[in-house]
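The primary structure of each chain is shown beneath.
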Amino acid sequence: MDYDVFNGDADGILSLVQMRLADPREDAVLVTGRKRDVKLLSRVPAGEGDRVTVLDIAMRSNTDDLNRILADGAEVVYFDHHNPGDIPDHPNLDATINTAGEICTAVLVDQRLKGAYRGWAVAAAYGDNFPAMAERLANGTDLPLSILRELGEMVNYNGYGGSEADLHYHPADLYNSMAGFETPMAFLAAKPDVIETLTEGYHNDFDLADQSKVVFASDDCEARVLPDAAGSRRVSGMFGNQLAQDNPNRAHAILTEQEGGFLVSIRAPISKRAGADTLALQFETGGGRAAAAGINHLPESDLDRFIEAFRTSF
């Protein structure tokens, strides 16, 4: 049995598109969810003779299940760029982990595949808020960068939400709509309605986020609060990405109200791309990578502690 385990954002989905173009596994079981649904290996009952591919899922959040799967005899290929914690030393684990400030999983896959499906990697880099890296990848090609940027950003936008009910498309369905297309351009030509739906939703949600309340601001960092609404949850990460691009020397925190507290997206300054994961890991449900991280539930009683930690971190 094959299992494809992937983050429901652009980086995870477009990494898998590349992997399965290079090595089709049509009967693979897809295991995914919204972007913050990261403990996905708990859903994988793999054992002797099974193959598990894991893409853009933090290893430190799945260590126990990864060790279980390896002990039960499955082979695991793992690509990621989040803080991994301790990487198991096991002969059945092929792990490519790179936590550099400017890297994403789809680019690690692109490197393994020697650029065979470069357009998908460029779109993923845009979606993961690495436009400079996307442009470097595309150097010397005739790839349509504006089109790939919109694709990557809209696929990434779709992954955010407090629950799968918030999403326009379930990530497995979004992957299936793209799977098998050699290039993003072929996909867009065949299924333009997918991106049209996401683009319309994104602009509606972004207009609401742009009216959000600033609760802390300095030259170095800014924190905003969005109301408890599906649109807020969908756009919070992309809103943070846009603020980071507009203010590259400033860190940003987007806090979306939820029952009893907040859902938090953290963006380190683009000029440094470091510290977001360190800040998030100070809180119980925090995790992520150096450039961008989050907290799944920040209790309202911890708001002042978070703001102080945010201020001192950046």
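The coordinates are above.
Reading guide: rules and limits
Residues numbered from 1 in each chain as written. Predicted model: local features only at pLDDT ≥ 70, side-chain atom pairs only at ≥ 80, totals over all residues. Heavy atoms only, no water. Helix = DSSP H or I, 4+ residues; strand = E, 2+ residues; numbered from the N terminus. Expected span 1.5 Å × (residues − 1). Contact = heavy atoms within 4.5 Å. Pairing = 2+ DSSP bridges. Axes fitted to C-alpha atoms, helices over the stretch in contact; angles between N-to-C directions. Buried < 20%, exposed > 50% of the residue type's maximum accessible area, 1.4 Å probe, protein only. Parallel < 35°, antiparallel > 145°, perpendicular 65-115°, else oblique. Left-handed = near helix turned anticlockwise from the far one by under 90°. Nonpolar A, V, L, I, M, F, W, Y, C, P; charged D, E, K, R; others polar. Phe/Tyr/Trp six-rings, centres within 6.5 Å; stacked < 30°, edge-to-face > 60°.

1. Re helix H9 (residues 192-209)
- With 18 residues, H9 ought to run about 26 Å at 1.5 Å a step, and its terminal C-alpha atoms sit 26 Å apart, in line with that.
- On its buried face, H9 sits against helix H6 (145-159), helix H7 (171-178), helix H8 (184-190), strand E7 (221-226) and helix H10 (230-246).

2. Quick notes on the sheet that holds strand E5 (residues 93-97)
- The 5 strands are arranged E2-E1-E3-E4-E5 in an open sheet whose pairing can be described as parallel. Each edge of the open sheet carries a strand with a single partner, namely strand E2 (29-31) and E5. For this sheet, the mean angle separating the axes of adjacent strands, direction not counted, is 10 degrees.
- Sheet analysis places strand E1 (residues 2-6) next to strand E3 (residues 51-55), joined by 5 bridges and oriented parallel. The partner of Asp4 across the bridge, within E3, is Thr53.
- Those strands touched by helix H1 (residues 10-22) are E1, E2, E3 and strand E4 (75-80), and its axis lies near 140 degrees from that of E3.

3. A look at the sheet that holds strand E9 (residues 261-267)
- Read across the open sheet, the 6 strands follow the order E6-E7-E8-E9-E11-E10; overall the sheet is mixed. Taken across any chain shown, the strands that pair with only one partner, and hence form the sheet edges, are strand E6 (213-217) and strand E10 (286-288). The mean inter-strand angle of the sheet, taken between neighbouring strand axes irrespective of direction, is 20 degrees.
- Bridge analysis of E9 against strand E11 (residues 292-299) gives 6 bridges, and the strand direction is antiparallel. Following the sheet pairing, Arg267 is matched in E11 by Ala292.
- Packed onto the sheet, H10 meets E7, strand E8 (251-258) and E9 and runs at close to 170 degrees relative to E8.

4. Some points on unusual backbone geometry
- At Asn129, a residue that is not glycine, the phi angle is positive and equals roughly 70 degrees.
- Mapping Asn129 onto the fold places it in the loop between helix H4 (118-127) and helix H5 (131-138).
- By relative accessible area, which is 9% here, Asn129 ends up buried.
- One non-glycine residue with positive phi stands out, namely Arg273, at about 50 degrees.
- Using a relative accessible area of 12% as the deciding quantity, one classes Arg273 as buried.

5. A few points about the environment of Asn176
- In this structure, Asn176 sits in helix H7.
- For the pair Asn176 and Val17, spaced 159 residues apart in the sequence, the C-alpha separation amounts to 8.9 Å.

6. Thoughts on the packing of H6 against H9
- Relative to each other, H6 and H9 sit at 70 degrees, their axes nearing to 9 Å. Compared by their axis directions, H6 and H9 come out roughly perpendicular. For H6 against H9, the interelement crossing comes out left-handed. Residues Glu150, Leu151, Met154, Val155, Tyr157 and Asn158 of H6 touch H9, and the partners they reach there are Ile195, Leu198, Thr199, Gly201, Tyr202 and Asp205.
- Considered class by class, the residues forming the contact of H6 with H9 number 7 nonpolar, 3 polar and 2 charged.

7. What about the packing of aromatic side chains?
- Inspection of every chain in the model, using the stated rule, returns 9 aromatic pairs.
- Both rings, one in Trp120 and one in Phe187, keep their centres 6.4 Å apart while their planes meet at 45 degrees; by these two values the pair is tilted. Remark: Phe187 occurs in helix H8 and Trp120 occurs in helix H4; sequence separation between them is 67 residues. Side by side, Trp120 and Phe187 carry an identical accessibility label, which is buried.
- Residues Tyr202 and Phe206 carry aromatic rings whose centres are separated by 5.6 Å and whose planes lie at 45 degrees to one another, so their mutual orientation is tilted. One end of the pair, Tyr202, and the other, Phe206, are both in helix H9, 4 residues apart, so they sit about a helical turn from each other. Across the pair, exposure class does not vary: Tyr202 and Phe206 are buried alike.
- Among the aromatic residues, those joined into a ring-pair cluster are Tyr157, Tyr202, Phe206 and Phe239.

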